[in-house]
Amino acid sequence: MMKTITARVVSVCALMLLAFSSRAGAQVLYGAASGLTSSLYQIDPATGTGTVIGDIGVGVGAMAVHPLTGVIYAVSAPGFISPGVNQRQLLRINPATGAGTVIGPLALGNFGIADIAFRADGTLFGWSENSDDLITIDTNTGKGTIVANAAISTFGSGLAFNKAGTLYLAGGGSSGPLRTVNPATGLTTVVATLTGAPAPNFPIPAIKFHPLTDVLWGIVKTSFPPTAFTDLITINTTTGVITVIGTTVPRLDAIVWSPAPLKPDFDGDTHGDLVLRNTGTGDLSVMLFSNPAAPTTTPVSLGVPTTWQVAGAGDTDADGKADVFWRETNTGDIALWLMNGSSVKSSAIVSSGLPADWQIAGVGDLDYDGKADIVFRNTTSGNVSAWFMDGSTVRLAAGIGGAVPPNVQIIGLADLDGDRRVDIIWRNTQTGDVSAWLMNGSAVSQAATIAPGLPLQWQLSGAGDLDGDGRADLVWRNQTTGDVAVWFMNGVSVRLAPVISSGVPLEWHIVKVFDVDGDYKADLVWYNSTTRDVATWLMNGTTVLSASIVGTLSPNVQIQ
């Protein structure tokens, strides 16, 4: 299936149609405490209040989110470390349950890792408050490597990269210096002196920049153990002024901002879910995969008129739960249901009377604001446009690129290059060419042919990140032989294109590619058009970890 990749430049012109209010960030603030054990907390950035998500299994002293995959990493802080004993472990944390999975020891003796921070390229840095060393950490093994000694004295230090790639260190307490750190040499530069702390000279054990606003957030101690009271703060990186948000969880030692999930997850458990529609009655329901082996189907609404068709699903209000788009086939109206599991929080008409030749081609986050947007294709002119959503409000509508011939069709939206923005995947229905527009909002940053002349019996079944590298992969099905193949993508380049299964019976159809089991790797959802069985393949790259039938649909019920 691997084809020669030929570059093709497509001219780009952006037509701005409507402008609405500026976007808000869609990020969740998490926290954890040091000690023998800790829960994972969701921290309210307006008040500092912490809500328990679940037990991590060990105390945590540092957290950071991988900029490409969205996985939360942490370093354990179980309390006193005996000399020469490697008790600091690198962990992976599930934000839905709080559970921590040990990757491996840092193997740096009794180094106490005060905080960790990812550079944009995925390199994980840490700060040792015992030795004042800058280190890097291998996310596959947990092994730490010393970069350099900073030749300064620090305690309770916070470490964070801003959007420009500058590494900041708050290692001198709440009345000490705010520094920048050279990641190559470990040398630091004082940029401000901190002021305004509620308790001067107490440690600032963690800092993190908000990924969208670039505001520096942190936590500061206001008393020593055993109480170890802690406040949530922001820090002005120019003046050093600290602003207290509110009291947060005692002994909190680590914080991290992480994007709200944008998979079709209706109940916020990080597992993708299915939307089901009865074509006879109009009833809508959801199949929730909280238990991947035994998903539950729950009614949402009965008797929705069948002239209203489900047009897509995605989280438009950044609450971590997918919402449902509708299209009325007679009037062209577009509606949105804001969802909370199987409950409809609110419903609204987004637009009335949209001409029928404007068809919804897909739903996904084009501009990395954590909110799903709508991509339209005009079947008459070939033009493409997008509505950038904020809940049920269209805050911006914009044209994308120029007119595309009608025989070239949009076959999917997926983040091919790992920049957290979905890209547009095209297929020429005459030549078989597969191409992509790499997107940045309404701008096409690159347009290229991925593979020319792909035989037309190979049809795209879906796209998702099967190997956990932060980039969506393309899953193909041969409509003649039943073979299943995957293109592992790096932008518009195909890294690997194996056939992962041969001769799957044609009554089995791949209906969705998303993360069923919450391991941050996409899985395959199948439907048997003869038996009406639903099955899943839980994937790890090219390996099918397990395959099982998880349910059977009633007559007239279709997966949307």
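Thresholds applied
- Residues numbered from 1 in each chain as written.
- Predicted model: local features only at pLDDT ≥ 70, side-chain atom pairs only at ≥ 80, totals over all residues.
- Heavy atoms only, no water.
- Helix = DSSP H or I, 4+ residues; strand = E, 2+ residues; numbered from the N terminus.
- Rg over C-alpha atoms; globule rule 2.2 N^0.38 Å.
- Contact = heavy atoms within 4.5 Å.
- Areas by Shrake-Rupley, 256 points an atom, 1.4 Å probe, with all protein chains shown as cover.
- Lys, Arg positive; Asp, Glu negative; His and termini not counted.
- Charge placed at Lys NZ, Arg CZ, Asp CG, Glu CD.
- Domains from an automatic or database assignment.
- Buried area = accessible area lost by both parts, 1.4 Å probe.
- Salt bridge = Lys/Arg side-chain N within 4 Å of Asp/Glu carboxyl O.
- Polar contact = N/O pair within 3.5 Å; in protein donor to acceptor, adjacent residues only side chain to side chain.
- Nonpolar A, V, L, I, M, F, W, Y, C, P; charged D, E, K, R; others polar.
- Pairing = 2+ DSSP bridges.
- Axes fitted to C-alpha atoms, helices over the stretch in contact; angles between N-to-C directions.
- Core = buried A, V, L, I, M, F, W, Y, C linked by side-chain atoms within 4.5 Å.
- Buried < 20%, exposed > 50% of the residue type's maximum accessible area, 1.4 Å probe, protein only.
- Phe/Tyr/Trp six-rings, centres within 6.5 Å; stacked < 30°, edge-to-face > 60°.
- pLDDT = per-residue confidence, 0-100.

(A) Spotlight on the overall build of the protein chain. Of the regular secondary structure elements, the protein chain holds zero helices and 46 strands. For 560 residues, the compact-globule estimate of 2.2 N^0.38 gives 24 Å, and the C-alpha radius of gyration of the protein chain, at 25 Å, lies within 12% of that figure. When contacts within the protein chain are restricted to residue pairs at least 6 apart in sequence, long-range pairs at least 24 apart make up 46% of them. For the protein chain, the exposed surface amounts to about 21000 Å²; the carbon and sulfur share of it is 53%. Separation between the mean location of the 29 positive side-chain charges and that of the 44 negative ones in the protein chain comes to 3 Å.

(B) How the structure looks around the domain arrangement of the protein chain. Taken as a whole, the protein chain is organised into domain 1 (29–257) and domain 2 (274–559). Here the C-alpha centre of domain 2 lies 37 Å away from the C-alpha centre of domain 1. In this assembly, 11 residues from domain 1 lie in contact with 10 residues from domain 2. In total, about 760 Å² of surface goes out of reach between domain 1 and domain 2, with carbon and sulfur atoms giving 52% of it. On the domain 1 side of the interface with domain 2, the three residues burying the most area are Leu68, Thr69 and Leu212, jointly 53% of the side's total. Linking domain 1 with domain 2 are zero salt bridges, by the criterion used here. At the junction of domain 1 and domain 2, the tally comes to zero residue pairs in polar contact (both at pLDDT 80 or more). Each residue belonging to the side of domain 1 that touches domain 2 can be placed in one class, and the counts come to seven nonpolar, four polar and no charged.

(C) Region of the structure containing the pattern of salt bridges. This model, assessed by the stated rule, comprises eight salt bridges. Aspartate 121 serves as the salt-bridge partner of arginine 119, at 3.2 Å between the closest nitrogen and oxygen. Within this structure, Asp317, Asp319 and Lys345 form a network of salt bridges that share partners.

(D) Fine view of the sheet that holds strand E27 (residues 334–340). Strand order in this open sheet of four strands is E25-E26-E27-E28, and the pairing throughout is antiparallel. The sheet terminates laterally at strand E25 (308–314) and strand E28 (343–351), the two strands that pair on one side only. Sheet twist, expressed as the mean angle between neighbouring strand axes with direction ignored, is 25°. Judged from the six bridges that link them, E25 and strand E26 (residues 323–328) form a sheet pairing that is antiparallel. Bridge pairing in E26 places alanine 313 opposite valine 324.

(E) Inspection of the nonpolar core at higher detail. Leu416, Val434, Ile450, Leu474, Trp476, Trp487 and Met489 are the most contacted members of the largest nonpolar core, which totals 21 residues. Once you skip the residues sitting within four places of it in the chain, leucine 474 turns out to touch Leu416, Ile425, Leu460, Gly462, Ala463, Ala485, Val486, Trp487 and Met489. Among the nonpolar cores identified, the runner-up in size contains 19 residues, and Leu366, Val404, Val408 and Trp437 belong to it.

(F) Region of interest: the packing of aromatic side chains. Using the criterion set out here, one finds 10 aromatic pairs in the structure. Both rings, one in tryptophan 426 and one in tryptophan 437, keep their centres 5.0 Å apart while their planes meet at 55°; by these two values the pair is tilted. Taken as a pair, tryptophan 426 in strand E34 (residues 423–428) and tryptophan 437 in strand E35 (residues 434–440) lie far apart in primary sequence, 11 residues in all. Of the two residues, tryptophan 426 and tryptophan 437, both sit in the buried class. Here the aromatic rings of tryptophan 526 and tryptophan 537 are separated by 4.8 Å at their centres, their planes lie at 50°, and the arrangement is tilted. In this pair, tryptophan 526 is assigned in strand E43 (residues 523–528) and tryptophan 537 in strand E44 (residues 533–540), connecting sequence segments 11 residues apart.

(G) Here's a closer look at the side chain of asparagine 528. Note on placement: asparagine 528 falls in strand E43. Exposure remark for asparagine 528: the relative accessible area of 4% places this residue in the buried category. A polar contact of 2.8 Å, which involves the side chain of asparagine 528, links it to the backbone nitrogen of threonine 530. Within polar-contact distance, the side chain of asparagine 528 engages the backbone nitrogen of threonine 531 at 3.0 Å. When neighbours within four sequence positions are excluded, asparagine 528 is seen to be in contact with Glu507, Trp508 and Asp533.

(H) View of unusual backbone geometry. Positive phi, normally seen in glycine, also occurs at alanine 151, with a value near 60°. Tracing the sequence through the fold places alanine 151 in the loop between strand E12 (144–149) and strand E13 (158–161). Residue alanine 151 is classed as exposed on the basis of its relative accessible area, which comes to 69%. In this structure, asparagine 201 takes a positive phi of about 70° despite not being glycine. Judged by its relative accessible area of 52%, asparagine 201 is exposed.

(I) Layout of the sheet that holds strand E2 (residues 27–33). In spatial order, the strands read E4-E3-E2-E21; together these four strands make up an open sheet with antiparallel pairing. Single-partner strands in this sheet number two, and they are strand E4 (50–55) and strand E21 (252–259). Averaged over all neighbouring strand pairs, the angle between strand axes comes to 30°, with direction disregarded.

(J) Fine view of the confidence of the model for the protein chain. Put simply, the protein chain has an average pLDDT of 90, and 93% of its residues get 70 or more. Note that residues 1–25 has pLDDT below 50 and, in this model, 62 contacts with residues that lie over four places away or in other chains.

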